[in-house]
Amino acid sequence: MRICGSGNLAFAAYVWAMTLHIPFDNTYAALPPVFYTKQAPVPVKAPELLAYNAALGAELGIVPGEASGEAADQAEQAELAEIFAGNHVPEGSDPLAQLYAGHQFGNYNPQLGDGRAILLGEVVGTGGQRRDIQLKGSGRTPYSRGGDGRAWLGPVLREYVVSEAMHSLGISTTRALAAVATGELVWREQGGLPGAVLTRVASSHLRVGTFQIFAARGEQAALRQLTEYAIQRHYPEADGPMGLLRAVRDRQSELIAAWMSVGFIHGVMNTDNSSISGETIDYGPCAFMDVYHPSTVFSSIDRMGRYAYSNQPDIGVWNLAQLATALIQGSEDPQAMVEEATEIVHAMPALTEAAWLRRFGAKIGIAEATREDMPLITDLMQRMAAGQADFTNTFRALVDAVDSDAASARAQFLDPEAFESWATDWRARLEREADPAAVMAAANPVYIPRNHRIEAMIEAAVAGDMAPFERLNAVLSDPFTVQPDAEDLRRPPAKHEVVAATFCGT
Ligand code: AMP
Ligand code: MG
């Protein structure tokens, strides 16, 4: 047991009483050292537990000690803070920083890697699913380059809230297990900011960029071993590298259609932020749209709009092509694979479109939309863009507009007539549907983590008030149900509240 920290005696007493058990079962750490650097997280000054996702912890088999009462609770909080700040490396953890590369905004960066993250290890949870437990903001590693290896409170809480909201929306994503304040300042453009560490849970942290680095370096043996590992871990039914490529394509096309369906913009779809498991990963300058417009961009670093809302399906294909290129390098006979890889990648747009159609069909009440329904959907969206309609509220208002009250739907549009003239065709189409209101209520969330709310939550947390964070988490855990006391969280930003740009998670 390695113990670091403030050295204060009362605190040391907690440490010796450590009772929390994490059932680590590590496979990545058993791979050869070319894939990572083994390193413990860098301890922080004064860890303080800000949030712990007990339900997720239970799913992972993380068992708290048996003692009860206030003193035991306090000891448990302190213990969670120690572990998830990186000050105490729990038994069974074999900490490491993973190596990867990636295309950033289209340019290949030959080496990235976990510059501010440490994989504590893997657990096989109650559902039998193997998952990574990773600390983000855990100090410098050999891959940090110029960075400090740290994160500040804002992006940590943003990722916590948004990733958990994504999960509750039913969209594949990494999860948030804990957020711990470090008691240290982190220096950013804005000045000194409170530091924090996020504990993230993922099916794995294998990225397109993990394959790219070994392909680019011509390290075929490593590439093949990685391919084998990814297949075993994620797609045991997949047949070889092309089977893997097909499986990743299917998951990614589904994922991107799911993002589109809730107005989500990832913001940095670099290949190092594109997961092999098909989970949403690396929440940086991501955002949910308020007013619908297809070319919406929030990320302050995305000056060309490469990762704009409506570009996401195309970028998914671009990223898959990079994975294909890497996987081909692992073959004895690359030329023989090119044709099959090309066919797999070329099929992606149609798959994303099919997933999009299914989801957007449901959003307007059509249980099984066909291509013939496409014009009805795109017509509405063009009217929404022209009418500056709120994405989330417009779709949700359709639930009521179908047979009773269209006032709320109309009110979303600058010109309410734009809605009425569309709704005539829409109601005619819905006559063929059994229960369109139910289909829409399950496809159109009431609540999304709106940007201005996230910003306000961060501002409060920096000032020491975690109540807005807790409230957002609670409401967003049930996003499809109207909650009587959360009307304000449905409201789009007032003019002065609009957040025009979001910043990277560094
Ligand atoms: P991301 O923006 O999280 O996708 O990170 C891109 C790359 O930059 C990854 O290799 C990160 O590990 C690295 N990175 C980001 N922020 C920091 C930081 N504060 N210190 C060190 N490395 C960082
Ligand atoms: Mg990243």
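Position numbers for residues count from 1 along each chain, tracking the sequence in the order it is written. Throughout, the order in which chains and ligands are written sets their labels, letters from A for the former and numbers from 1 for the latter. Owing to the predicted nature of the model, reporting of local features is limited to residues with pLDDT of at least 70; listing and counting of side-chain atom pairs is limited to 80 or more, with chain, interface and lining totals taken over all residues. To obtain the side-chain values, all non-hydrogen atoms of the structure were included, while hydrogens and water were left out.

### Notes on the side chain of R150
Threshold: Under the DSSP-based scheme used, a helix requires at least four consecutive residues in state H or I and a strand at least two consecutive residues in state E, with every element numbered from the N terminus. Exposure categories follow from relative accessible area, calculated using a 1.4 Å probe and restricted to protein chains: below 20% of the type maximum is buried, above 50% is exposed, and the middle band is partly exposed. Positive charges are assigned to Lys and Arg, negative charges to Asp and Glu, while His and the chain termini are left out of the count. In what follows, salt bridge is the name for a side-chain nitrogen of Lys or Arg lying within 4 Å of a carboxyl oxygen of Asp or Glu. Two N or O atoms count as a polar contact when they lie within 3.5 Å, although within protein this holds only if one can serve as hydrogen donor and the other as acceptor, and sequence-adjacent residues are included solely when both atoms are side-chain atoms.
With respect to the helices and strands, R150 occurs in the loop between β9 (130-136) and β10 (151-152). One buried charged residue, R150, forms no salt bridge at all, with the nearest opposite charge on E184 at 4.1 Å. A polar atom in the side chain of R150 sits 3.0 Å from the backbone oxygen of V42.

### So, the coordination of the magnesium ion (ligand 2)
To be explicit about the condition: Each metal site is built from N, O and S donor atoms within 2.8 Å (3.2 Å for Na, K and Ca), and since water is not included, such sites may look incomplete.
At 1.9 to 2.1 Å from the magnesium ion (ligand 2) lie its protein donor atoms, namely N273 (OD1) and D282 (OD). Judged on exposure class, the residue N273 and its partner D282 are both buried.

### Some details on the pattern of salt bridges
Following the criterion strictly, the structure yields 30 salt bridges and no others. The salt bridge partner of R158 is E455, with a shortest N-O separation of 3.0 Å. Placement of the pair is R158 in helix α4 (residues 153-168) and E455 in helix α16 (residues 451-462), with a sequence separation of 297 residues. A residue is classified by how much of its surface remains accessible, and R158, at 6% relative accessible area, is buried. When salt bridges with common partners are traced through the structure, they connect D25, E122, R130, D132 and R233 into a single cluster.

### Considerations on the packing of aromatic side chains
For clarity, the cut-off: Centre distance within 6.5 Å is the pairing criterion for rings of Phe, Tyr and Trp, where only the six-membered ring of Trp is used; planes under 30 degrees apart are then read as stacked, over 60 as edge-to-face, and the remainder as tilted. Lysine NZ or arginine CZ positioned within 6 Å of the ring centre and within 35 degrees of the ring normal marks a charge as sitting over the ring.
Applying the stated criterion across every chain yields a total of 21 aromatic pairs. With a centroid separation of 6.0 Å and an interplanar angle of 45 degrees, the aromatic rings of Y292 and F391 are classed as tilted. With Y292 in the loop between β14 (287-288) and α8 (312-329) and F391 in helix α12 (residues 391-401), the pair connects residues that are 99 residues apart, well separated along the chain. Each member of the pair Y292 and F391 is classed as buried. Between the aromatic rings of F360 and F395, the centroid separation amounts to 6.0 Å while the plane-to-plane angle is 70 degrees, which identifies the pairing as edge-to-face. In this pair, F360 sits in helix α10 (residues 348-363) while F395 sits in helix α12, placing the two residues 35 residues apart along the sequence. On the basis of relative accessibility, which here comes to 0%, the residue F360 falls in the buried class. Judged by relative accessible area, which is 1%, F395 ranks as buried. Ring-pair connections join several aromatic residues into one group, and the members of that group are Y292, Y309, W356, F360, F391 and F395. Lying across the ring of Y100, R207 places its NZ or CZ 4.3 Å from the centre. We note R306 situated over the ring of W318; from NZ or CZ to the ring centre the distance is 4.7 Å.

### Focus: helix α9 (residues 334-346)
Definition in use: Here the expected length of a helix is defined as 1.5 Å per residue gap, with one fewer gap than residues. Residue contacts follow a heavy-atom distance rule, with two residues in contact if any of their heavy atoms lie within 4.5 Å.
Its 13 residues place the ends of α9 18 Å apart at the C-alpha level, agreeing with the 18 Å of an ideal helix rising 1.5 Å per residue. For α9, the set of buried residues is M337, A341, I344 and V345. Those residues of α9 hidden inside the fold are in contact with α7 (240-261), α8 and α10.

### Describing the domain arrangement of the protein
This is how it is decided: The domain limits used here are those given by an automatic or database domain assignment. Once two parts are put together, the accessible area they lose, assessed with a 1.4 Å probe and summed over both, is termed the buried area.
When cut into domains, the protein gives domain 1 (7-202), domain 2 (208-288 + 305-356) and domain 3 (365-443). If you look at the interface, domain 2 gives seven residues, while domain 3 gives six residues. Summed over both sides, the interface of domain 2 with domain 3 buries roughly 470 Å², with 67% coming from carbon and sulfur. Our enumeration of links across domain 2 and domain 3 arrives at one salt bridge.

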